[in-house]
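Architecture at a glance
Okay, here's what each chain looks like letter by letter:
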Amino acid sequence: MPIGTEGFIGSRLTEAREARGLSLTSLVELLEGAVTVAAISQYEKETSSPRIEIAELLANKLDCQLSFFFKKTNSQNQDTLYWRSFASATKTARTRAKRRFIWLKEITAYLKNYLEFPDVNLPSPEDIGVPKNPLELLNLSSWENQVENIVDRCREFWKLGDSPINNFISLLEKNGVIVSRASIYSEKLDAFSQFSSTDQTPYVFLSLDKNSAVRSRLDAAHELGHLILHRNISEEAISSKETLSILENQAFYFGAALLLPKKTFSEDFRYPTLDSFLYLKRKWHVSIGAMIKRAKGLNLIRDDQAKNLWMNHARRGWKKMEPLDESLQPEYPKLLKQGFEILIKEGIKTSEQIIQEITLPQKDIEELAGLPSGYFSENHHSIKFRIKAENEFEK
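**Notes on the pattern of salt bridges**
The tally for this structure, following the rule as stated, stands at 22 salt bridges. Across the pair Glu 18 and Arg 99 runs a salt bridge, and its minimum N-O distance is 2.7 Å. Of this pair, Glu 18 sits in helix H1 (residues 10-19) while Arg 99 sits in helix H5 (residues 91-112), and the two are 81 residues apart along the sequence. Grouping residues by exposure puts Glu 18 and Arg 99 together as buried. Salt bridges sharing common partners tie together Arg 17, Glu 18, Glu 44 and Arg 99.

As structure tokens, then:
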């Protein structure tokens, strides 16, 4: 490698650039002509490395530490990523989300060095009726019945009964699923998930961009459907739009069935009116739109009744926002947040040490872990203030 900054890792530059949603040209513009597109390309391919002043400039413009470019990551793997609204999202949006997902796994790995996380407690696919080859579900003319049975077994496995699930995110975290609710920076992406073979951990990444409690709950349940139903399907196997569409429908059906169990939801259902569904929304914390689909799937309403409900739903302007959407509070993950709070409170690590050792941008660590913006800065200052006060007292 030509003379430059020794140890500079080109893939880390690519990672930071794509995590910010920047093309090579956009990054060069951000650098105000300090380097060329060709130079950035060479840095990323490691056919050359930047001088230290250029490396510092890159770190500044990409809002990361200089040390980030010199730390290798083992978080990448080829496990299948399941996307919510994949088809309509741009490649740039998916790439940006992937990069931040890699950072989420690095954060998780760091915390696991010091803390014991809940064991992964997902039901074994074969024990709940998922075919050994999950693609077999695609060939069933009535896969809905099998998914319904799988959902019943999942509820039995977690001892949920037939009542509404109080906090779905908490259910996931208690059973070893790492959940992050952060910005995806795309109106076309709602969520994605992966069962990582690297650390044998399931991950669910939810969008913070759409601040809807009921939508976020269904997104989370949808992603759990992928983790349960489709864990062993490769990305190559789902490359066709037709296959992907069926998998999405199955995951949606799983999520709706898990949140709205057949027996009790059917007993609660009274009249095929929007006001009746609005009443049920207060209890189940599921959107009226999702409940209309669920009622139709359970044959609680006829085709003509469903059509009429959808027409009235659109007429009332509920497609973008329904009643109660502003008053119902979204569920937020707590596991990673509490992990960092314990490290600092127990004196295991200081804020400064955490930032230096993870090397990721502070604002991204805070957001991905569900911490308030500026959390590490505030705790760093409070630690320094406490030490200064103690020294003054000793005098």
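**Notes on the packing of aromatic side chains**
Aromatic ring pairs are described here by two measures, namely the spacing of the ring centres and the angle between the planes. Scanning all chains against the criterion turns up 14 aromatic pairs. Relative to Phe 69, the ring of Phe 68 lies with its centre 5.7 Å away and its plane at 70°, an arrangement referred to as edge-to-face. For the pair shown, Phe 68 and Phe 69 are each scored as buried. Ring centres of Trp 143 and Tyr 253 lie 5.8 Å apart, and the angle between their planes is 85°; this geometry places the pair in the edge-to-face category. Note that Trp 143 is positioned in helix H6 (residues 143-157) and Tyr 253 in helix H9 (residues 241-259), a separation of 110 residues in sequence. This pair shows no difference in class: Trp 143 is buried, exactly as Tyr 253 is. Through pairs of rings, three or more aromatic residues link up here, namely Phe 8, Phe 68, Phe 69, Phe 70 and Trp 103. The side chain of Arg 181 reaches across the aromatic face of Tyr 332, ending 4.9 Å from its centre.

About the cut-offs
Residues numbered from 1 in each chain as written. Predicted model: local features only at pLDDT ≥ 70, side-chain atom pairs only at ≥ 80, totals over all residues. Heavy atoms only, no water. Salt bridge = Lys/Arg side-chain N within 4 Å of Asp/Glu carboxyl O. Helix = DSSP H or I, 4+ residues; strand = E, 2+ residues; numbered from the N terminus. Buried < 20%, exposed > 50% of the residue type's maximum accessible area, 1.4 Å probe, protein only. Phe/Tyr/Trp six-rings, centres within 6.5 Å; stacked < 30°, edge-to-face > 60°. Lys NZ or Arg CZ within 6 Å of the ring centre and 35° of its normal.

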